[in-house]
Amino acid sequence: MSTLEEIRNYVDRLSEKTVNIARDIWEYAELSYTEIRSAKELEDALEEEGFRITTGIADIPTAFMAEYKVGTGVPVMGFLGEYDALDGLSQAAGKPVREAVVQGGCGHGCGHNLLGAGCFAAAVAVKDYLLNNEMNGTVIYFGCPAEEGAGSKQFIARAGYFDKVDFAYTWHPNSRNEVSGKSSVAIMGANFIFDGIASHAGGAPHLGRSALDAVELMNVGCNYLREHMIDQARVHYAYSDAGGTAPNVVQSHAVIKYEVRAPKVNQMQELFTRVVDIAKGAALMTGTEMNYEITMAFSDYIQNKTLAPIMSDALREAGPPAWTEEDYKLAGEFFRTYPKSTQQSILEQLAEYIDPDEIERTMLDRPLDSVTREFDPKETRYESGSTDVGDVGYATPTVTLHIATAGLGNVGHSWQNTALANSPIGMKGMLKAAEVMALAAVNTFRNPELIAKAKEELRKKNGGRYTCPLPEYVQPPIGRY
Ligand SMILES: [Zn+2]
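Residues numbered from 1 in each chain as written. Predicted model: local features only at pLDDT ≥ 70, side-chain atom pairs only at ≥ 80, totals over all residues.

Novice: I'd like a description of the sheet that holds strand 10 (residues 289-298), backed by residues and values.
Specialist: Spatial ordering of the open sheet is given by 8-9-7-10, a layout of 4 strands whose pairing is antiparallel. Each having just a single partner strand, strand 8 (234-241) and strand 10 make up the two edges of the open sheet. Each strand of the sheet is rotated relative to its neighbour by a mean of 20 degrees, with strand direction disregarded. Direction of pairing for strand 7 (residues 186-195) relative to strand 9 (residues 253-262): antiparallel, over a ladder of 10 bridges. Opposite A190, over in strand 9, you have Y258 as the bridge partner. In this fold helix 6 (residues 265-286) packs onto strand 7, strand 8, strand 9 and strand 10, with an angle of close to 155 degrees to the strand it touches most, strand 9. (Pairing = 2+ DSSP bridges. Helix = DSSP H or I, 4+ residues; strand = E, 2+ residues; numbered from the N terminus. Axes fitted to C-alpha atoms, helices over the stretch in contact; angles between N-to-C directions. Contact = placed C-beta atoms within 7 Å.)

Novice: Summarise the domain arrangement of the protein; cite the residues concerned and give the values.
Specialist: Taken domain by domain, the protein holds domain 1 (3-184 + 300-462) and domain 2 (186-297). Relative placement of domain 1 and domain 2: their C-alpha centres are 37 Å apart. Here the residues of the side of domain 1 that touches domain 2 sort into 2 nonpolar, 5 polar and 1 charged. (Domains from an automatic or database assignment. Nonpolar A, V, L, I, M, F, W, Y, C, P; charged D, E, K, R; others polar.)

Novice: Lay out the environment of K257 with the relevant residues and their values.
Specialist: Its location among the elements puts K257 in strand 9. Between the C-alpha atom of K257 and that of A190, which follows or precedes it by 67 residues, the distance is 5.8 Å. Leave out the neighbours within four places in its chain, and K257 touches G189, N191, Y237, A238 and S240.

Novice: I'd like to hear about the nonpolar core, residue by residue, with values.
Specialist: In this structure, F120, A125, M311, M437 and A438 are the most contacted members of the largest nonpolar core, which totals 153 residues. With 14 residues, helix 13 (residues 424-445) is the single largest residue contributor to this core. Composition of this core by domain shows at least three residues from each of domain 1 (3-184 + 300-462) and domain 2 (186-297). Ignoring sequence-local partners within four residues, the contact set of M437 consists of F79, A122, Y169, W171 and L401. (Core = buried A, V, L, I, M, F, W, Y, C linked by C-beta atoms within 7 Å. Buried ≥ 20, exposed ≤ 12 C-beta atoms within 10 Å, placed from the backbone.)

Novice: Requested: an account of the pairing of strand 5 (residues 167-174), with residues and values cited.
Specialist: For a regular strand, side chains alternate in direction, first toward one face of the sheet and then toward the other. The buried count for strand 5 comes to 8 of 8 residues, which makes it a mostly enclosed element. Where strand 3 (residues 76-81) lies against strand 5, 3 bridges are found, and the strand directions are parallel. Its bridge partner lying in strand 5, G78 is registered against A168. One ladder, built from 7 bridges, connects strand 5 with strand 12 (residues 398-404); its direction is parallel. When the bridges of strand 12 are listed, N174 appears paired with A404.

Novice: For the packing of helix 1 (residues 3-28) against helix 13, give the residues involved together with the corresponding values.
Specialist: Contact pair helix 1 / helix 13: the axes reach a minimum separation of 9 Å and the direction vectors enclose 140 degrees. By the criterion of interaxial angle, the relationship of helix 1 to helix 13 is oblique. The two elements helix 1 and helix 13 meet at a crossing, and its hand is right-handed. Contacts between helix 1 and helix 13 involve T3, L4, I7, R8, V11, S15, T18, V19 and A22 on the former and, on the latter, M427, M430, L431, A434, E435, A438, L439 and V442. (Parallel < 35°, antiparallel > 145°, perpendicular 65-115°, else oblique. Left-handed = near helix turned anticlockwise from the far one by under 90°.)

Novice: How would you explain helix 5 (residues 211-225) if you had to name every residue and give the values?
Specialist: For helix 5, which comprises 15 residues, the first-to-last C-alpha distance of 21 Å matches the rise-based estimate of 21 Å (1.5 Å per residue) to within 8%. Within helix 5, burial applies to A211, L212, D213, A214, V215, L217, M218 and C222. The elements touched by buried residues of helix 5 are strand 7, strand 8, strand 9, helix 6 and strand 10. (Expected span 1.5 Å × (residues − 1).)

Novice: Outline the sheet that holds strand 3, listing residues and values.
Specialist: If you trace the 6 strands from one edge of the open sheet to the other, you get 1-2-4-3-5-12, paired in mixed fashion. Of all the strands in the sheet, the pair left with one neighbour each is strand 1 (52-55) and strand 12. The sheet shows a mean angle of 20 degrees between the axes of neighbouring strands, taken without regard to direction.

Novice: Describe the environment of E148, with residues and values.
Specialist: Checked against the element boundaries, E148 lands in the loop between strand 4 (137-143) and helix 4 (153-158). A C-alpha to C-alpha distance of 25 Å links E148 and D231, two positions 83 residues apart in sequence. Leaving out residues up to four positions away in the same chain, E148 has contacts with S32, D84, L86 and C110.

Novice: An account of the pairing of strand 9 is requested, with residue identities and associated values reported.
Specialist: Here strand 8 pairs with strand 9 via 7 bridges, running antiparallel. Looking across to strand 9, one finds that Y239 is bridged to I256.

Novice: Let's hear about unusual backbone geometry: which residues, and what values?
Specialist: Here V74 and P75 are connected by a cis peptide whose omega angle stands at 0 degrees. Note on placement: P75 falls in the loop between strand 2 (64-70) and strand 3. With a phi angle near 40 degrees, A29 is a residue other than glycine that sits in the positive phi range. If you check the backbone angles, Y33 has positive phi at about 70 degrees while not being a glycine. Mapped onto the elements, Y33 comes out in the loop between helix 1 and helix 2 (36-48).

Novice: Break down the packing of helix 5 against helix 6 for me, with residues and values.
Specialist: How two helices pack is summed up by the angle between their axes together with the distance between the axes. Two elements in contact, helix 5 and helix 6, have axes whose closest approach is 8 Å; the angle formed by their N-to-C orientations is 140 degrees. One way to sum up the angle between helix 5 and helix 6 is to call them oblique. Here helix 5 and helix 6 pass one another in a crossing that is right-handed. Where helix 5 approaches helix 6, its residues D213, A214, L217, M218, G221, C222 and L225 are matched on the opposing element by R274, V275, I278, A279, G281, A282, A283, M285 and T286. For the contact of helix 5 with helix 6, the class distribution of residues is 11 nonpolar, 3 polar and 2 charged.

The following block contains the structure:
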């Protein structure tokens, strides 16, 4: 029996349980840091399989670690499971018509129910393989909450949980089957708090010092900054306290939320320092005081180029999910739920992956990714999103797999995605992801030289140790984010 066949057997044994877990987590639809039932269900399932559970790691109640050691326990690998939902995306399972289960409720619009359950199946399949083949190694399932919020993986990394991990694999539900070469950008979020002096805006304006003026000048300064920053950088802001609603009172207190993004974590930090300088200038100009608190930060994510080909080879060997005519039909129905203009822009975007002459026919007949796409080490582009997987990538060699759990061109963070995350298409993609990740993990365990090379690549990137982009004073914002 080939390694792939053996792994398929293990994933098959787990498939019913894995689908049930994914369905349950989908129904719980718990937001960042409140994933109590979701985490518990995964912990219980892993414990039943003999994993040793540590709950509440890195001072996050819904973060956990489940370990299984075989033989000497070396090498050590980690799977990164997520299970948090999104606000406002409640939607009936598998239904291509907008229909919330709970009006205004939460939903798995990013498919993290599939992500968490798929990593469960992969971790158990690797454990079974090691046991039955008398191979040494440790498999750890990291339960990582709040990816959609302020994150958890950077806190888990800062607490040293990845220090003895030789490599980490994860996946994300997607519309394609690929090991993408694209990276994601680093991000830092902060509140800037200005304090001035209140006074009668008509009677004694000269006695007032306006915090609102300071915020406005900070924004003007940052808008001038845009011309002098790199193209891929982003700066966004939102008022969280504009100082009240009375124009006849000089506003003595104002708070603005900023987010700064740049491809690399050091570029992001440099840009953030310039934003802080502008805030200081605004305070000086207005005679107010400025304080800021960093609220969140993720490092940029880049695939480990030494290990990505192992995942890519495993994907090619395992092949795409076996879609049926019914799956294609359902995917087509979802595609047609988008407004015509969105459909048009989806078709245009698909030209990046599909021969332009084939796009219309593909979307008509087979609108689910039916091929596998190789890792391209020469790819240098960045996606404009950010993820806390980036921090794991600075702590241990990390690779992320994409498997289709939705139709080609499907839009992320949408009700369509929530529906598909509890559909035959989503479940099929999830089980395929488990199979590919487990195969890649076993093949990596067998290749210690490659692991050494991957760690050398990491050393060049992080200088020998993980540095958290967050200052030490920033703790997981449980209940505050
Ligand atoms: Zn996600």
